[in-house]
Amino acid sequence: MDAIEKELEKSRKRQRVAAKDVQQGIEKMIAAVDDCSAALSQPEADAAQSLRTLQKVVKTQTESIQTSLTEQQNPTAKLGKALEKAFQTTVPKLCRADIFEGKELYLNRVIADHLFRTGRFKIAEDFLHSAEPSADTSRFSAFRELHAIINDMKQQSSIMALRWIDTHRSQLGHAAIDLEFKLRRLELSKILAAKNTHKAMTYIRMHFQKFMNLESHHKEVRHLLGALLYVNKLAFSEYSDILDPHLWTDATHSLTRECCALLGLPHESPLYVSVNAGCTALPMLLKVSQVLATTNHEDGLWTQTDELPVEIELGKDRNYHTWFTCPVSREHATDANPPMRLPCGHVICNESLIKMAKNSSRRRFKCAYCPRELTLTELKRIWF
């Protein structure tokens with residue numbers, strides 16, 4: 001680390017010098033332009049001589065700036081080498097060059113999906129048209145509307161969001177009630193923050209009557225009614241949670257989740273999830289790679305069945321149980337063909353296991369992923 005800090009300090013010093021040289025060079029060129037302009041405004045000015053003088057100054061200062069910037073590259077390069085030497089990694093060895101072979105189209109669509117989700121619409125369209133000229137971007141139009149609503153909510157306004165809920169109320173079902181309640185509560189919090197009791201009571205009568213009759217929201221409505229008694233000192237009362245600014249963030253996330261659900265899409269960008277999971281798993285993968293290297297495993301981390309030799313915990317947010325796909329038949333599990341846990345811990349669908357056992361409950365057979373032998377009587381159903 002000492003070597004890195006030393007090279008970093010050298011790079012910073014050279015950068016400060018270069019910045020100063022560039023600033024001085026620009027100021028001298030601006031002064032030369034002003035002098036030339038003043039000289040040309042004179043009645044008997046020698047235009048040719050004035051322009052030659054200006055040209056000389058500009059050329060000299062440009063060369064000086066280029067020299068200063070070139071000298072900055074040397075300490076920057078040394079810093080890069082120091083970092084590479086100190087943080088040697090085997091990350092390239094973990095990568096499979098063939099992983100996206102023949103799948104470039106899908107990869108480009110995932111990247112474009114991420115750009116649309118993050119509101120970079122012009123970049124997304126240019127990228128997608130470049131990668132797939134015949135691509136139809138109309139399927140991403142909903143993200144434009146979603147980002148317009150999100151930007152409106154960032155200004156603590158729920159007008160566009162409430163309008164969107166009314167438009168899609170039949171599709172949202174019960175989720176429409178929860179979303180509307182969150183947004184109405186936020187609007188009420190703005191009125192309470194302004195200490196306008198009369199307006200708050202009127203707003204509650206107009207928009208919260210239907211929530212009072214719902215068991216799921218009755219308690220929360222009573223909480224809002226209680227806040228009316230402390231409107232002049234709400235921030236210091238037990239009802240101060242109503243003014244929590246994070247409630248806007250929560251409502252935005254809920255709206256995003258429901259909007260993506262209507263589109264049949266996950267609420268998080270697949271690209272973001274993949275990169276996040278990869279970064280989380282990377283330290284363990286590097287450690288396992290080093291262990292396998294000492295035991296002469298030429299195949300690296302992956303076996304012939306594309307299975308990691310260790311289980312890697314990605315956190316509760318990365319547990320997905322929407323459906324199970326049988327690793328043998330590549331079919332989705334159903335109630336008629338449920339996933340079954342083997343004694344060794346592997347999970348395979350029931351129909352595949354029956355075929356492996358040749359329809360015999362007593363016949364012993366091997367797991368498709370390890371040498372463990374078992375019978376159909378040792379299986380346990382897994383619920384997703």
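Treat the numbers as computed from the prediction; the structure is a model and nothing was measured.

1. Overview of unusual backbone geometry
Step number 1: Unlike most non-glycine residues, K195 shows phi in positive territory, near 60°.
Step number 2: Relative to the helices and strands, K195 resides in the loop between α9 (174-193) and α10 (197-207).
Step number 3: A positive phi angle is found at K358, which is not glycine, with a value near 55°.
Step number 4: Within the element layout of this structure, K358 appears in the loop between α15 (350-356) and β3 (365-366).

2. What about the environment of A131?
Step number 1: Tracing the chain through its elements places A131 in helix α5 (residues 121-131).
Step number 2: The class of A131 is partly exposed, set by a relative accessible area of 34%.
Step number 3: Considered as a pair, A131 and A112 are 19 residues apart in the sequence and their alpha carbons are 9.6 Å apart.

3. A word on the layout of surface pockets
Step number 1: Approximately 470 Å³ is the volume attributed to the second largest pocket.
Step number 2: In terms of lining residues, the second largest pocket is bounded by 15 residues, among which H253, T256, H267, E268 and S269 are the most central.
Step number 3: Elements with a minimum of two residues in the lining of the second largest pocket: α4 (104-117), α6 (141-154) and α13 (246-263).
Step number 4: The residue makeup of the lining of the second largest pocket, split by class, is 4 nonpolar, 8 polar and 3 charged.

4. Digging into the packing of aromatic side chains
Step number 1: As enumerated under the stated definition, the model contains 8 aromatic pairs in all.
Step number 2: What links up through ring pairs into an aromatic cluster is the set F116, F121, F140 and F143.

5. Here we look at the sheet that holds strand β2 (residues 347-349)
Step number 1: Spatially, 3 strands are ordered β2-β1-β5 in an open sheet, and the strand pairing comes out antiparallel. Two strands bound the open sheet, and with one partner strand each, they are β2 and β5 (380-381).
Step number 2: As paired strands, strand β1 (residues 339-341) and β5 are joined by 2 bridges and run antiparallel to one another. Within β5, the position partnered with M340 by the bridge is R381.

6. Things to note about a positive patch on the surface
Step number 1: A surface patch of positive charge is lined by K6, K10, K78 and K81.
Step number 2: Listed by contribution, the elements that provide at least two residues to the positive patch are α1 (2-40) and α2 (47-86).
Step number 3: Along the chain, the position of K10 falls in helix α1.
Step number 4: On the accessibility criterion, K10 (39% relative accessible area) is partly exposed.

7. Comments concerning the confidence of the model for the protein
Step number 1: A residue-level look at the protein finds 93% of positions with pLDDT of 70 or above and a mean pLDDT of 86.
Step number 2: The element-level mean pLDDT for the protein is lowest in helix α3 (residues 91-94), coming to 70, with helix α7 (residues 159-167) highest at 95.

8. Here we look at the nonpolar core
One broad trend across soluble globular proteins is that nonpolar side chains are buried collectively.
Step number 1: Counting residues in hydrophobic clusters, the biggest one holds 28 residues, and the most contacted among them are F116, F143, M153, W164, I165, L183 and L255.
Step number 2: Of all the secondary structure elements, the ones that give two or more residues to this core are α4, α5, α6, α7, α9 and α13.
Step number 3: Beyond its immediate sequence surroundings of up to four residues, L183 is in contact with M153, S158, A161, L162, I165 and A251.

9. Here we look at helix α14 (residues 270-294)
Step number 1: Its 25 residues give α14 an end-to-end C-alpha distance of 35 Å, which sits within 8% of 36 Å, the value for a rise of 1.5 Å per residue.
Step number 2: By the largest-angle criterion, L282 marks the main kink of α14, which is about 45°, and a proline, P283, follows within four residues.
Step number 3: Inspection of α14 places V273, A277, A281, L285, L286, V288, S289 and L292 among the buried residues, and these make up the whole buried set.

Scoring rules and cut-offs
Residues numbered from 1 in each chain as written. Predicted model: local features only at pLDDT ≥ 70, side-chain atom pairs only at ≥ 80, totals over all residues. Heavy atoms only, no water. Helix = DSSP H or I, 4+ residues; strand = E, 2+ residues; numbered from the N terminus. Buried < 20%, exposed > 50% of the residue type's maximum accessible area, 1.4 Å probe, protein only. 1 Å grid on protein atoms, 1.4 Å probe; cavity = no way out; pocket = protein on both sides within 12 Å on 5 of 7 lines; lining within 4 Å. Points joined across faces, edges and corners; volume = space filled by probe spheres on them. Nonpolar A, V, L, I, M, F, W, Y, C, P; charged D, E, K, R; others polar. Phe/Tyr/Trp six-rings, centres within 6.5 Å; stacked < 30°, edge-to-face > 60°. Pairing = 2+ DSSP bridges. Patch = residues over 30% accessible without salt bridge, like charges linked within 9 Å, V, L, I, M, F, W, Y side chains within 5 Å. Areas by Shrake-Rupley, 256 points an atom, 1.4 Å probe, with all protein chains shown as cover. Salt bridge = Lys/Arg side-chain N within 4 Å of Asp/Glu carboxyl O. Lys, Arg positive; Asp, Glu negative; His and termini not counted. Charge placed at Lys NZ, Arg CZ, Asp CG, Glu CD. pLDDT = per-residue confidence, 0-100. Core = buried A, V, L, I, M, F, W, Y, C linked by side-chain atoms within 4.5 Å. Contact = heavy atoms within 4.5 Å. Expected span 1.5 Å × (residues − 1). Bend = angle between axes of the 7 residues up to and from the residue.

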